[in-house]
Amino acid sequence: QVQLAESGGGLVQAGGSLRLSCLASGSIFSINAMGWYRQAPGKQRELVARITSGGTPSYADSVKGRFTISRDNAKNTVYLQMNSLKPEDTADYYCNARATMQGKDYWGKGTLVTVSS
């Protein structure tokens, strides 16, 4: 199995920046893509960004041009650099790891990002 630990959330003013980190442990050799999801109060969890094992990123339209996902495979860590934050970015952010060959998804416990007006 895989364990994911997020960090880096907090309170920031609109227009500010935060960097989230997700450290993977366990059966890390099985991980293919990794990504970040978020869930705001009263809303469903949505995909924010994902990155393949080869480093190819993709983003939700709502964060394109503002967020950057990256990964350091040697450190088993994925990052989400969030710039130009907006109040609507306020949510619990969850790290996701996909073990494609095993048909499994793993989730972190989440880290709260609050963007004030």
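Before reading on, note that the structure itself is shown above.
From a predicted model like this one, the values you see are computed outputs, not experimental measurements.

**Student:** Just checking my understanding: could you explain the environment of Trp107 for this structure?
**Tutor:** Mapped onto the elements, Trp107 comes out in strand β10 (residues 104–107). Among the residues examined, Trp107 registers a relative accessible area of 38% and is labelled partly exposed. C-alpha of Trp107 to C-alpha of Arg71: the two residues are 36 residues apart in sequence and 16 Å apart in space.

**Student:** Sorry, what's going on with the side chain of Glu6 here?
**Tutor:** You can see Glu6 is positioned in strand β1 (residues 2–7). It is Arg45 that comes nearest to the buried, bridge-free Glu6 among opposite-charge side chains, at 7.5 Å. Only 2.8 Å separates the side chain of Glu6 from the backbone nitrogen of Cys95, close enough to count as a polar contact. Of the polar contacts made by the side chain of Glu6, one reaches the backbone nitrogen of Gly110; its length is 2.9 Å. The residues contacting Glu6, other than those within four sequence positions of it, are Ser21, Cys22, Trp36, Tyr93, Tyr94, Cys95, Gly108, Lys109, Gly110 and Thr111.

**Student:** What should I look at first to understand the environment of Ala5 in this one?
**Tutor:** Tracing the backbone through its elements, the reader meets Ala5 in strand β1. Residues Ala5 and Thr114, 109 residues apart in the sequence, show an inter-C-alpha distance of 19 Å. The residues touching Ala5, leaving out its near neighbours within four places in the chain, are Ser21, Cys22 and Leu23.

**Student:** Sorry if this is basic, but what is going on with the sheet that holds strand β7 (residues 67–72) here?
**Tutor:** Pairing between the strands of a sheet is mediated by backbone hydrogen bonds and can be parallel or antiparallel. What the 4 strands build is an open sheet, ordered β1-β3-β8-β7; its pairing is antiparallel. Unpaired on one side and paired on the other, β1 and β7 mark the two borders of the sheet. Going from strand to strand, the sheet's axes swing by 15° on average, the running direction of each strand aside. Both β1 and strand β3 (residues 18–26) contribute to a ladder of 6 bridges, which runs antiparallel. Residue Val2 lies in a different strand from β3, and its bridge partner there is Gly26.

The rules behind each value
Residues numbered from 1 in each chain as written. Predicted model: local features only at pLDDT ≥ 70, side-chain atom pairs only at ≥ 80, totals over all residues. Heavy atoms only, no water. Helix = DSSP H or I, 4+ residues; strand = E, 2+ residues; numbered from the N terminus. Buried < 20%, exposed > 50% of the residue type's maximum accessible area, 1.4 Å probe, protein only. Lys, Arg positive; Asp, Glu negative; His and termini not counted. Salt bridge = Lys/Arg side-chain N within 4 Å of Asp/Glu carboxyl O. Polar contact = N/O pair within 3.5 Å; in protein donor to acceptor, adjacent residues only side chain to side chain. Contact = heavy atoms within 4.5 Å. Pairing = 2+ DSSP bridges. Axes fitted to C-alpha atoms, helices over the stretch in contact; angles between N-to-C directions.

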